[in-house]
Amino acid sequence: MADGSWYDADIDRVIISEEQIKEKVQELAAKVAADHADAPDGVLLVCILKGALMFMADFARALGKSGPPAELEFMAVSSYGHGATSSGVVRILKDLDRDIAGRRVIVVEDIVDSGLTLSWLLRYLESRKAASVEVVALFRKPDANKVTVPVKYVGFDLPNEFVVGYGLDYAERYREVPFVGVLRPEVYARD
Ligand code: IMP
């Protein structure tokens, strides 16, 4: 764990280190680059805010080194409230800025938990006539098996615990933590 950071006291343990994330992002980008080397207009990366912001930034740069040209788009949806449990309700907070018809879309997602958000998003993007829609998710929880969502590229399978860091928050905090970890129970008791 990092030393001397404000969040040290709140983190119980590290699940995925900064180094492991770095390696995995390169690996995922290399796979996507190989599969889309022939994309005539490049690919359109759709980052799902806010959780996927760190992943999008690192993934896009890694893809840029060996992959086809990429355009970056951002969407914000809400599926979680101010806490650690899924509401199952998906609401668009920020929509795409452009037409995606005929484009190869790659959804850049932080974590697939129940898969509810993603299955809704995929239907939405397909309805906008993308040529193809694939998903790259850095993390997946065991519950992801409950809903059938085709996630072509997955980084890490995580245990069924609430995690924070590398973009993932608890009540909008801990997104800047460079690794993925579990919070101490006292943190939840504070709210
Ligand atoms: P799903 O609809 O249940 O798959 O939820 C997906 C979204 O919930 C993710 O994009 C995250 O933003 C959030 N989420 C799921 N699990 C966690 C977690 O362990 N920590 C922080 N956010 C999470």
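What this report covers is the structure whose coordinates are included nearby. Since we're looking at a predicted model, the values are computed, not measured. (Residues numbered from 1 in each chain as written. Predicted model: local features only at pLDDT ≥ 70, side-chain atom pairs only at ≥ 80, totals over all residues. Heavy atoms only, no water.)

1. As for the sheet that holds strand β8 (residues 163–164)
Stage number 1. Sheet architecture is open: 3 strands sit in the order β1-β9-β8, paired in antiparallel fashion. Single-partner strands in this sheet number two, and they are β1 (11–16) and β8.
Stage number 2. Bridge count between β1 and strand β9 (residues 180–183): 4 bridges; the pairing is antiparallel. Residue pairing across strands places V14 opposite G181, the latter belonging to β9. (Pairing = 2+ DSSP bridges. Helix = DSSP H or I, 4+ residues; strand = E, 2+ residues; numbered from the N terminus.)

2. A closer look at the site of the ligand
Stage number 1. Around the ligand there are 18 residues in total, and D110, S114, G115, T117 and V163 lie nearest to it.
Stage number 2. The side chain of D110 places a nitrogen or oxygen atom 2.7 Å from an oxygen atom of the ligand.
Stage number 3. Protein contact buries 93% of the 490 Å² of open area that the ligand shows by itself.
Stage number 4. Those elements that place two or more of their residues in the shell around the ligand are β3 (70–80), β5 (104–112) and α3 (116–127).
Stage number 5. Top element by residues in the shell around the ligand is β5. It accounts for 4 residues.
Stage number 6. Of the residues assigned to the shell around the ligand, the class counts are 7 nonpolar, 5 polar and 6 charged. (Near = heavy atom within 4 Å. Polar contact = N/O pair within 3.5 Å; in protein donor to acceptor, adjacent residues only side chain to side chain. Areas by Shrake-Rupley, 256 points an atom, 1.4 Å probe, with all protein chains shown as cover. Nonpolar A, V, L, I, M, F, W, Y, C, P; charged D, E, K, R; others polar.)

3. Notes on unusual backbone geometry
Stage number 1. With an omega dihedral of -5°, the bond running from L49 to K50 counts as a cis peptide bond.
Stage number 2. Relative to the helices and strands, K50 resides in the loop between β2 (43–49) and α2 (53–66).
Stage number 3. The phi dihedral of Y166 is positive, around 45°, even though this residue is not glycine.
Stage number 4. If you trace the backbone, Y166 turns up in the loop between β8 and β9.
Stage number 5. Phi is positive for A171, which is not a glycine, with a value near 50°.
Stage number 6. With relative accessibility at 19%, the residue A171 sits in the buried group. (Buried < 20%, exposed > 50% of the residue type's maximum accessible area, 1.4 Å probe, protein only.)

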